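# Per-entry structural report
The primary structure of each chain is shown beneath.
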Amino acid sequence: MKKYIDQGKNDTRSGFGAGLAELGRTNPNVVALCADLVGSLKMEKFIEENPERFFQIGIAEANMMGIAAGLTIGGKIPFTGTFANFSTGRVYDQIRQSIAYSDKNVKICASHAGVTLGEDGATHQILEDLGLMKMLPGMTVINTCDYNQTKAATIAIAEHHGPVYLRFGRPKVANFTPVDQKFEIGKAVMLNEGTDVTIVATGHLVWEALIAAENLENQGISAEVINIHTIKPLDGEAVLKSVKKTGCIVTAEEHNYLGGLGESISGFLATTHPTPQEFVATKDTFGESGTPEQLMDKYGLNNKAIENAVLTVLKRK
Amino acid sequence: MPKLQELQDLTVQVRRDILRMVHKVNSGHPGGSLGCTEFIVALYNEIMELKDGFDMDGKGEDLFFLSNGHISPVFYSVLARKGYFPVDELNTFRLIDSRLQGHPTTHEGLPGVRIASGSLGQGMSVALGAAQAKKLNKDSKLVYTLHGDGELQEGQNWEAIMYAAGKKVDNIIATIDYNGQQIDGATDDVLPMGDLKKKFEAFGWDVLDIKEGNDLEAILKGMKEAKSRTGKGKPVCVLLHTIMGHGVDFMMYTHAWHGKAPNDEQLATALAQNPETLGDY
């Protein structure tokens, strides 16, 4: 199996901060907005270098989304920053009417997604955001897996015209994708070719999928691992090509199974190539306080859960 | 003053457009539209500095955002008669495959519209973003908005009102259609909002009243004054005292015609009170 090296644990939100800082230097139209979470979103560098292009909104996310929509009128490319919960559910109608329906070029950048936010608990651990965002017509939905990919994605979405939801997280995780990668929106990344089962993972679950594939290899099972960073538009072609070879699929995400990546894939496969599928995702539940590791374990979101799902789906082939 | 007569003629014609549009599809919002007819006519034909044609960014011209999107009939009529799109297109209001949706939208590419509105309370935030983009672009033109008074019950407005003053967004003139009515009745009965002038002032805005909000001369004078107060570190609010349903006697002073179209007989009566001036579409 192909080996991936952790270049040193880092948080995906820092990848966002680094990407935003680079955009500040290269694209004069990029502006940033934050609702009182500058430190959490790692936006300090951009602000330090471009104070006139930063808008501190205060704790008023609805107003932030509207202001971002307005800034596009005049040619700006606004990047909003707050937690995933306050980037989506709290401001759904503002995004729906003022951004998505109005086709505004706003980049909604959301940190602290999922249970790995940890000790703050369920009030802040949104597990429904991918579903909320992917249901909006015209919205591009991206969930990155490590520091390097998040930085590359942040830079790439500035070049894409239209509303984007970019989701990332709080904890330091393995940083294993290439530092010089070109991020292609809507294009799945093949991480390991295999023949027995397809594992499609997004976000923090991608590294876990690689560990699971290695453990499975030791049991004589050949797992193909695909990183789907773009939930919408979905790279159906990559999924189809893989399941035609392996005959079964496991989807893995830090999100409710309702509304997430797995649901998108099952919907796609149901109409193209019905395939046995198992979901590694939360099972219609809220999270709770705990360490990220404890929560990933309790809610079945780690390499062990992926491995078990593979063993289950193989029996259904 | 010949210009005033031209505006007056246009106002009557727009009123006819509104009535005929909502009558044809037996839906839409005539009350607020009629109440704001003089204001929108004056805004587009005398107050705002506009370029020819339409582009989304609107650099180098004044911008207008209609936050209370349900009064789309008056907005569409004024835009069409200003030349943004063919006047005949008013025939398609609320019909399938039309660019004139029930509430204004950019989605169908209708020239003159820069944001969707209808779900209330969002327009001021959008306008503040556009105003700040103007500042970044070193564009000295202004941003105008219109909001319903009942619409101020939506909390997002107060986030925006606080922000505008706190961040000294002084290139915006936000006008409140102060007619005291909303769908379920008088605003004082549905949810009393207290002294709006004092509320805006307490948030740090410069506020002025246009007491005769259905009088073109009063509007022109008041908006000129409002414009003179921009660029002084404070956002400017205009409380435009209007009469819902103005210009059609049986629609005035009531919330009954907020979202109801006239029948054939009522239309005939209403049109007779507003004789054709510039030609019906």
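Residues numbered from 1 in each chain as written. Chains lettered and ligands numbered in written order. Predicted model: local features only at pLDDT ≥ 70, side-chain atom pairs only at ≥ 80, totals over all residues.

Looking at an unreviewed UniProt entry, one finds chain B named Transketolase and attributed to Arenibacter troitsensis. Regarding chain B, the UniProt comment filed under Sequence similarities (unreviewed entry) reads as follows: "Belongs to the transketolase family." Its UniProt record, at the heading Cofactor (unreviewed entry), says of chain B: "thiamine diphosphate". (UniProt positions renumbered as here; feature names shortened; annotations may be inferred.)

Labelled according to an unreviewed UniProt entry, chain A appears under the name Transketolase, originating from Arenibacter troitsensis. Taken directly from UniProt, the Cofactor (unreviewed entry) text for chain A runs: "thiamine diphosphate".

### A closer look at the overall build of chain B
Across its full length, chain B holds ten helices and seven strands. For 281 residues, the compact-globule estimate of 2.2 N^0.38 gives 19 Å, and chain B sits close to it at 18 Å. For the C-alpha atoms alone, the extent of chain B along its principal axes is close to 50 × 45 × 40 Å. A separation threshold of at least 6 residues defines the contact pool for chain B, and within that pool the share at least 24 residues apart is 76%. (Helix = DSSP H or I, 4+ residues; strand = E, 2+ residues; numbered from the N terminus. Rg over C-alpha atoms; globule rule 2.2 N^0.38 Å. Contact = placed C-beta atoms within 7 Å.)

### Section: the environment of G148 of chain B
Residue and element names in this part refer to chain B. Examined against the element boundaries, G148 turns out to sit in strand β2 (residues 143–148). We classify G148 as buried; it has 27 C-beta atoms within 10 Å. Along the backbone, G148 and G69 are 79 residues apart, and their C-alpha atoms lie at a distance of 9.3 Å. Other than its neighbours up to four places away in sequence, G148 contacts G32, N68 and D177. (Buried ≥ 20, exposed ≤ 12 C-beta atoms within 10 Å, placed from the backbone.)

### A look at the environment of D6 of chain A
Residue and element names in this part refer to chain A. Position of D6 among the secondary structure elements: in the segment before β1 (10–11). D6 sits in the exposed class, given 12 other C-beta atoms within 10 Å. When the C-alpha atoms of D6 and F176 are compared, they prove to be 4.7 Å apart, with 170 residues separating the residues in sequence. Sequence-distant contacts of D6, defined by excluding residues within four places in its chain, comprise A174, N175 and F176.

### What about the sheet that holds strand β7 (residues 236–241) of chain B?
All names here are of chain B. The five strands lie next to each other as β1-β2-β3-β7-β6, forming an open sheet whose pairing is parallel. At either margin of the open sheet sits one strand with a lone partner, and together these are β1 (63–66) and β6 (206–210). Each neighbouring strand pair of the sheet contributes to a mean axis angle of 20 degrees, computed without reference to strand direction. Across six bridges, the pairing between β2 and strand β3 (residues 172–178) is parallel. Note that in β3 the partner of L146 across the bridge is T175. Across the sheet, helix α5 (residues 123–136) is in contact with β1, β2 and β3; its angle to β2 comes to roughly 175 degrees. Sitting on the sheet, helix α9 (residues 216–228) touches β3, β6 and β7, and the angle it makes with β6 is about 170 degrees. (Pairing = 2+ DSSP bridges. Axes fitted to C-alpha atoms, helices over the stretch in contact; angles between N-to-C directions.)

### Quick notes on the pairing of β2 of chain B
Residues and elements named next belong to chain B. Summarising burial for β2: six of the six residues are buried, a large majority. Burial of β2 is two-sided: the residues V143, T145 and H147 facing one way and the residues Y144, L146 and G148 facing the other way are all buried. Pairing geometry for β1 and β2, over four bridges, is parallel. Counted as the bridge partner of F64 is Y144 from β2. Read as a crossover between parallel neighbours, the route from β2 over helix α6 (residues 155–166) to β3 is right-handed. (Right-handed = clockwise from strand over helix to strand, strands pointing away.)

### Section: the UniProt feature "domain: Transketolase N-terminal" (unreviewed entry) in chain B
Here, the residues flagged by UniProt with the feature "domain: Transketolase N-terminal" (unreviewed entry) are residues 19–269 of chain B. For the annotated span residues 19–269 of chain B, helix accounts for 36% and strand for 13% of the residues, and the straight-line distance between the end C-alpha atoms is 11 Å.

### Notes on α9 of chain B
Residue and element names in this part refer to chain B. For α9, spanning 13 residues, the distance from its first C-alpha to its last is 18 Å, which sits close to the expected 18 Å at 1.5 Å a residue. Those residues of α9 lying buried are L216, I219, G222, M223 and A226. Buried residues of α9, seen end-on, are gathered within an arc of 130 degrees and therefore sit on one face of the element. Exposed residues pointing more than 90 degrees away from the buried face of α9 are listed as K224 and S228. (Expected span 1.5 Å × (residues − 1). Arc of directions from axis to C-beta.)

### A word on the interface of chain B and chain A
Across the contact, 27 residues belong to chain B and 23 residues belong to chain A. Secondary structure elements with two or more residues in the side of chain B that touches chain A: α5 and α6 of chain B. For the side of chain B that touches chain A, the class distribution of residues is eleven nonpolar, eleven polar and five charged. (Nonpolar A, V, L, I, M, F, W, Y, C, P; charged D, E, K, R; others polar.)

### A closer look at the environment of D139 of chain B
All names here are of chain B. Inspection of the secondary structure assignment puts D139 in the loop between α5 and β2. As a C-alpha pair, D139 and G58 span 81 residues in sequence and 10.0 Å in three-dimensional space. Ignoring anything within four residues of it in the chain, the contact list for D139 reads K59, G60 and K134.

### So, the pairing of strand β14 (residues 277–282) of chain A
Residues and elements named next belong to chain A. Of all six residues in β14, six are buried; the element is thus mostly enclosed. Relative to β14, strand β13 (residues 249–256) runs parallel, the two sharing five bridges. The residue bridging I249 from the neighbouring strand is Q277, located in β14.

### Details of the sheet that holds strand β5 (residues 107–111) of chain A
Residues and elements named next belong to chain A. The seven strands lie next to each other as β3-β2-β4-β5-β7-β6-β12, forming an open sheet whose pairing is mixed. The open sheet terminates on both sides in strands that have one partner only, identified here as β3 (54–56) and β12 (230–232). Within the sheet, the average angular offset between the axes of one strand and its neighbour, ignoring direction, is 20 degrees. Where strand β6 (residues 140–143) lies against strand β7 (residues 164–167), four bridges are found, and the strand directions are parallel. Counterpart to T140 in the pairing with β7 is V164. Where helix α8 (residues 147–157) meets the sheet, its contacts fall on β5, β6 and β7, and the angle it forms with β7 comes to roughly 170 degrees.

### Thoughts on the packing of helix α4 (residues 61–72) of chain A against α6 of chain B
Relative to each other, α4 of chain A and α6 of chain B sit at 70 degrees, their axes nearing to 8 Å. As far as their axial angle goes, α6 of chain B and α4 of chain A are roughly perpendicular. Between α4 of chain A, through A62, N63 and G66 of chain A, and α6 of chain B, the contact on the second element is made entirely by Q156, E159, A160 and Y163 of chain B. Taken together, the residues of the contact of α4 of chain A with α6 of chain B sort by class into three nonpolar, three polar and one charged. (Parallel < 35°, antiparallel > 145°, perpendicular 65-115°, else oblique.)

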